[in-house]
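Single-letter residue listing:
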Amino acid sequence: MFGYVVRRLLQLIPTFFGATLLAFLVIQLAPGDFVTRLELDPTQDRESIANLRQQLGLDQPLPVQYAKWLSGILQGYLGLSLSYKSDVWSVIGQRILNSMVLVVLATLMIYLIAIPIGVYSAIRKYTWPDRTFTVLAFLGLAIPNFFFGLIMLFLAVWLSDLTNMRILPIGGMTNEFLHLGNMTRAAQILFPPALIGTLVFAGMFWWRVQRKQAATFGIWVGLVLFGMSALLMLWPLLQGPGLPERLPYTESPLWARATNVLWHAFPVVIVVGTSGLAGLMRVMRGQMLDVLSQDYIRTARAKGLNERVVIYKHALRNAVIPFIAGIGGLLPGLIGGAGLVEVTMAWPGITPALLEAISAIDIYVIMGLITITTVLLMIGNVVSDLLLAWVDPRIRYS
Amino acid sequence: MKKLLVLGMLALAGLALAQPKVFKGTEPGRAGGAYRITSISDPRTWNPFVARETSSTDIIALFLPYLTTYDPYTQAPEGRLAKSWEVRNNGLTVIFKLREGAKWSDGQAIDADDVIFSATVHADQRVNSNSRSSFILDGQPIRWTKVDQFTVRADFPKPYAPALIQGWYIVPEHVFGPAYRAGVQQLQALWNLDTPAAQVVSGGPFKLDSYVKGERVVLVRNPNYWGVDERNNPVAYLERYTFQIVPDLNAQLARFLAGEADTFAAANADQVAQVLERIRANRLRAEIFPNVDVTLGTNFIVFNWNHKDSFKESLFRQVKFRRAMAHLMDKKSMIEVALGGLGQAQWSPISIPNKAFFTDDVAKFEFSPQKAVQLLAELGFRSKNRDGWLVNAQGKVLEFNLVTNQGNNVRERIAQIFRDEARKVGVKVEYRPIDFNELVRQLTSPAADGTRDFDAILIGLTGGIEPAFSRNVWELNGSLHAWNLGTGGKNPAKVEAFEVLIDTLMKRGATTLDQAQRRQIYVQFQKVVAENLPLIYTVAPAYNPARLTRLGGMFPKEQINSINGQAPYIETIFAKE
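The rules we used
Residues numbered from 1 in each chain as written. Chains lettered and ligands numbered in written order. Predicted model: local features only at pLDDT ≥ 70, side-chain atom pairs only at ≥ 80, totals over all residues. Heavy atoms only, no water. UniProt positions renumbered as here; feature names shortened; annotations may be inferred. Contact = heavy atoms within 4.5 Å. Buried area = accessible area lost by both parts, 1.4 Å probe. Salt bridge = Lys/Arg side-chain N within 4 Å of Asp/Glu carboxyl O. Helix = DSSP H or I, 4+ residues; strand = E, 2+ residues; numbered from the N terminus. Nonpolar A, V, L, I, M, F, W, Y, C, P; charged D, E, K, R; others polar. Buried < 20%, exposed > 50% of the residue type's maximum accessible area, 1.4 Å probe, protein only. Pairing = 2+ DSSP bridges. Polar contact = N/O pair within 3.5 Å; in protein donor to acceptor, adjacent residues only side chain to side chain. Patch = residues over 30% accessible without salt bridge, like charges linked within 9 Å, V, L, I, M, F, W, Y side chains within 5 Å. Areas by Shrake-Rupley, 256 points an atom, 1.4 Å probe, with all protein chains shown as cover. Axes fitted to C-alpha atoms, helices over the stretch in contact; angles between N-to-C directions.

- As recorded in an unreviewed UniProt entry, chain B goes by the name Peptide-binding protein, listed as coming from Meiothermus hypogaeus NBRC 106114.
- The record in UniProt for chain B states the following under Sequence similarities (unreviewed entry): "Belongs to the bacterial solute-binding protein 5 family."

- Looking at an unreviewed UniProt entry, one finds chain A named ABC transmembrane type-1 domain-containing protein, with Meiothermus hypogaeus NBRC 106114 as its source organism.
- Taken directly from UniProt, the Subcellular location (unreviewed entry) text for chain A runs: "Cell membrane".
- Of the comments in the UniProt record for chain A, the one headed Sequence similarities (unreviewed entry) reads "Belongs to the binding-protein-dependent transport system permease family."

Brief notes about the interface of chain B and chain A
Here comes step 1: Each side of the interface is counted separately: chain B has 63 residues, and chain A has 51 residues.
Here comes step 2: Summed over both partners, the interface of chain B with chain A buries about 4800 Å², with 51% contributed by carbon and sulfur atoms.
Here comes step 3: When residues of chain B are sorted by the area they lose upon contact with chain A, Arg 44, Lys 213 and Asn 437 of chain B head the list and together hold 12% of the total.
Here comes step 4: In this structure, the connection of chain B to chain A is made through 7 salt bridges.
Here comes step 5: The shortest N-O distance in the salt bridge between Glu 356 of chain A and Arg 44 of chain B comes to 3.3 Å.
Here comes step 6: Of all elements in the fold, only strand E12 (216-221), strand E14 (240-245), helix H6 (249-257), helix H7 (269-280), helix H13 (436-444), strand E24 (456-461) and helix H14 (471-474) of chain B reach the threshold of two or more residues within the side of chain B that touches chain A.
Here comes step 7: The element best represented in the side of chain B that touches chain A is H13 of chain B, accounting for 6 residues.
Here comes step 8: Here the residues of the side of chain B that touches chain A are counted per class, giving 24 nonpolar, 22 polar and 17 charged.

Examining the UniProt feature "transmembrane region" (unreviewed entry) in chain A
Residues and elements named next belong to chain A.
Here comes step 1: As annotated by UniProt and renumbered to match this structure, "transmembrane region" (unreviewed entry) occupies residues 12-30, 96-123, 135-159, 186-207, 219-238, 261-280, 320-341 and 361-391.
Here comes step 2: Measuring from the first to the last C-alpha atom of residues 96-123 gives 40 Å, for a span that is 100% helix and 0% strand.
Here comes step 3: Split by type, residues 219-238 is 100% helix and 0% strand. Its first and last C-alpha atoms lie 28 Å apart.

Details of the pairing of E12 of chain B
Every regular strand shows the same layout, with side chains that alternate between the two sheet faces.
All names here are of chain B.
Here comes step 1: For E12, the tally of buried residues reaches 6 of 6 residues, placing the bulk of the element in the interior.
Here comes step 2: In this sheet, E12 lies alongside strand E11 (residues 206-212) in antiparallel orientation, the contact comprising 6 bridges. Pairing of Tyr 211 across the sheet is with Val 217, part of E12.
Here comes step 3: A loop of 3 residues connects E11 with E12, the two strands running antiparallel in sequence, and Gly 214 in this loop sits at a positive phi of about 75 degrees.
Here comes step 4: Direction of pairing for E12 relative to E14: antiparallel, over a ladder of 5 bridges. Bridged to Val 220 within E14 is Arg 240.

Comments concerning the UniProt feature "domain: Solute-binding protein family" (unreviewed entry) in chain B
Here comes step 1: When the UniProt feature table is mapped onto this chain numbering, "domain: Solute-binding protein family" (unreviewed entry) sits at residues 77-465 of chain B.
Here comes step 2: Structurally, residues 77-465 of chain B is divided into 28% helix and 24% strand, and its ends, taken at the C-alpha atoms, are 11 Å apart.

Notes on H13 of chain B
Residue and element names in this part refer to chain B.
Here comes step 1: Summarising burial for H13: 8 of the 9 residues are buried, a large majority.
Here comes step 2: Residues of H13 that are buried include every one of Phe 436, Asn 437, Glu 438, Leu 439, Val 440, Gln 442, Leu 443 and Thr 444, and no others.
Here comes step 3: The N-cap residue of H13 is Asp 435: its side-chain oxygen and the backbone nitrogen of Asn 437 are 3.1 Å apart.

Topic: a nonpolar patch on the surface
All names here are of chain A.
Here comes step 1: A contiguous nonpolar patch, built from Phe 2, Val 6, Leu 10, Ile 13, Phe 17 and Leu 74 and spanning about 630 Å² of accessible area, is present on the exposed surface.
Here comes step 2: If one sorts the elements of the nonpolar patch by residue count, helix H1 (residues 2-29) sits on top with 5 residues.
Here comes step 3: Within the secondary structure, Leu 74 sits in helix H3 (residues 62-74).

So, the pattern of salt bridges
It is possible for side chains of opposite charge to pair when their charged atoms get near one another.
Here comes step 1: Enumeration according to the criterion identifies 46 salt bridges over all chains in this entry.
Here comes step 2: One salt bridge in this structure joins Glu 245 of chain A and Arg 185 of chain A, with 3.0 Å as the shortest N-O distance. In this pair, Glu 245 of chain A is assigned in the loop between helix H8 (217-239) and strand E2 (247-248) and Arg 185 of chain A in helix H7 (residues 180-210), connecting sequence segments 60 residues apart.
Here comes step 3: Each of the salt bridges in this network shares a partner with another, and the network as a whole consists of Glu 313, Arg 317, Lys 494 and Glu 496 of chain B.

Quick notes on the sheet that holds strand E25 (residues 535-537) of chain B
Residues and elements named next belong to chain B.
Here comes step 1: A sheet is described by the order of its strands in space; here 5 strands give the open sequence E23-E22-E24-E18-E25, paired in mixed fashion. A strand with exactly one partner marks an edge of an open sheet, and here the two such strands are strand E23 (428-434) and E25. Going across the sheet, the axis of each strand differs from the next one's by a mean of 30 degrees, ignoring polarity.
Here comes step 2: Pairing analysis gives 6 bridges linking strand E18 (residues 298-303) to E24, with the strands arranged antiparallel. Counterpart to Val 302 in the pairing with E24 is Ile 457.

Here it is in structure tokens:
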């Protein structure tokens with residue numbers, strides 16, 4: 001096993017060079033460079049255009065440019081952005097983190113909803129709830145995210161007209177000013193129900209444990225959701241009354257900023273989540289149907305096992321194996337951003353930055369992002385393989 | 001006693017601002033309030049020597065001073081940091097007097113050292129500032145020297161008409177000086193986006209307060225600013241100025257419709273309709289001014305006079321051919337279809353909003369397929385072949401490729417309309433959108449033998465107020481002499497008489513100081529271009545500004561223009577509520 005891991009890690013090195021060299025060549029093969037668009041500016045003369053190319057090192061032969069970039073990478077330096085004139089990491093770092101908020105929340109939402117629905121659909125195959133989920137899944141797959149994002153924006157404007165309150169945000173990730181007073185009052189109203197909910201679910205949990213039964217999925221979800229909300233509301237309850245009614249975002253306490261970001265993320269996560277949800281739901285259903293028709297399930301049923309045990313212990317555990325193996329594949333997706341919806345809903349993620357970099361041919365920003373994605377993809381693959389060996393006893397590496 | 005103290009302080013404050021700039025607003029305003037606009041992309045830097053795009057310079061212009069600019073009411077030169085000037089030596093020397101008592105936000109005086117230092121750095125070839133062209137005239141440097149603490153002097157190698165427009169940004173020498181002496185790289189690393197906002201010193205109406213990447217830039221009033229209104233109250237009135245970064249036009253519209261942005265420029269008729277509908281439904285207290293002006297940029301078709309194919313080269317060089325092509329441009333349909341009914345036909349190179357130089361009295365080869373057919377027949381294309389294309393006596397088909405840059409919907413539609421009309425009369429036009437950078441390469445990079453490999457390109461150039469700044473397009477050896485490009489900075493090999501005339505007019509226009517004479521020169525220039533059509537102009541998209549009614553100090557409808565926008569000065573905009 002140890003030997004296998006070392007071998008896999010060593011294989012990453014040539015893959016890395018190959019992938020980055022290819023990316024570098026593809027970017028350079030596209031016509032034009034960073035300076036090209038300035039050539040159509042009537043106030044720029046030939047001399048200053050040539051000067052700029054020379055200063056940015058764009059006039060050097062490709063192998064030299066690649067070697068320079070590579071020697072930086074080996075020292076952990078991603079290069080200098082041509083348009084920002086600063087470190088590539090300082091250009092993309094914050095944006096990757098912003099995108100991660102969306103991607104992590106959307107992934108959680110997808111897995112928490114898709115797996116139970118998939119299982120349900122498989123067990124009740126061809127009933128009307130199954131058909132409803134199927135139709136919804138195809139709708140979710142068919143609507144492009146960026147378009148759904150625009151619909152969401154107009155829904156937000158419409159809702160605020162209807163109620164005269166800002167129920168959904170009009171794009172963006174934060175507000176310029178946070179209404180701490182409103183937040184505190186909302187927390188004061190919402191805290192008691194959250195606390196009661198937490199206590200109810202905790203009671204149910206305790207009750208099942210007393211009877212030596214495992215808690216159901218629903219109890220777990222309820223406990224976590226209510227418990228987290230109650231915990232989050234503790235801060236505004238304790239700190240809120242002493243704070244001013246309104247503060248600029250940058251001067252607000254952490255809990256207020258986090259709440260504000262979560263509020264802005266809500267519609268975007270719904271948009272990002274739906275398409276992934278739809279796909280995963282269908283895959284889960286198919287997997288489950290596959291496993292349910294296996295011989296060992298028939299055996300389990302024949303020996304008189306409870307249907308719950310058959311489904312959750314024998315079928316589900318086998319059906320989720322491909323998902324566990326896929327977790328490694330999520331790693332590069334984490335920094336890849338949530339796609340065009342970030343542009344339409346003005347989320348300051350990595351996608352708008354990448355699109356700007358591509359249209360300006362800011363090579364080192366593009367290369368920096370490709371490098372990080374490549375490395376994460378390679379690590380993710382190794383992790384996937386190891387996880388697979390861990391959950392599936394039939395697979396062994398030697 | 002207390003009163004006396006306050007009075008004394010006020011007197012002192014008055015002394016400190018001995019020579020403030022008076023900003024004449026459209027109505028008396030009051031201090032306070034916030035101004036929020038949307039911006040399509042993040043700034044790249046706060047450093048004026050590095051900045052190259054409007055997303056950066058729009059913000060830098062709010063916190064760094066410059067000597068002079070255009071008066072928003074008359075378009076004549078107007079002093080900003082320069083209080084006054086004096087032209088000597090038949091225009092070869094200009095002496096600028098600075099405002100005494102002007103201060104940076106950190107309390108240091110803004111004086112001649114700052115101005116001379118900034119000029120030196122902008123002119124430095126190693127720095128390659130975007131303003132470098134303001135310091136070179138036909139390859140010779142413009143020299144800036146200090147006369148005394150509040151006087152600077154500019155010496156020009158020849159008389160230069162735009163000499164009084166000095167809009168390059170002035171930086172605090174005490175911040176940039178040490179870095180510049182340490183090296184160009186240190187200078188360029190200053191004031192990047194990671195620099196704490198408090199360290200970015202301001203000499204303009206606002207100063208940087210905070211920047212959240214991808215979200216917003218916030219500026220606040222600079223209390224040390226050297227401007228006042230007509231009643232001697234300090235400006236800017238606004239307390240806070242926010243750029244919200246929204247990279248999508250529809251999302252920008254949504255912000256405006258929700259009342260979260262104060263101004264908006266509708267890009268097309270659909271957006272205008274949405275704003276109007278919301279105003280009529282009483283959901284938004286705002287005003288919109290559709291088609292109140294057109295934008296400064298120009299769109300045109302250019303034919304390649306340096307073609308490998310000698311048949312095409314000689315065809316494109318025929319003025320009759322170009323006039324025939326102009327006759328095939330259905331500008332009415334272009335406005336209807338490509339611009340959604342909002343825009344104007346353009347006939348000559350100077351942008352329509354540029355009232356100081358624009359003339360409508362030029363030759364117009366209006367849409368007329370019959371005239372086009374007749375002109376083409378005069379060139380020998382009298383019969384059609386089996387496929388219905390025009391051919392000449394030798395059986396050569398009248399055909400060419402037309403390209404424009406992919407993704408620009410307006411240009412793509414204009415090109416399609418032109419193609420369809422041309423094909424109707426038998427001119428075989430093949431239209432194809434291509435990548436922008438590839439298009440620029442075809443246009444600006446001739447092969448070793450001086451030929452270029454395109455037939456016709458539909459492209460646009462940004463416009464400005466000063467025609468002399470477009471000399472790279474019109475002078476014979478210009479780098480953007482797009483139809484007939486010379487190699488290596490030299491004149492093209494074969495030149496038509498009218499091109500020499502344009503070159504002469506441009507050179508005279510740039511060196512004539514009398515405004516009336518200048519206008520005459522540029523009027524003649526527009527006539528020559530419209531007559532000979534080296535570039536065939538198409539249509540100009542409309543400027544459709546909108547604003548919330550909570551803003552005061554804005555232009556009334558008649559005065560709105562796409563050069564200044566909706567208000568004369570940012571300093572005199574205020575919040576009514």
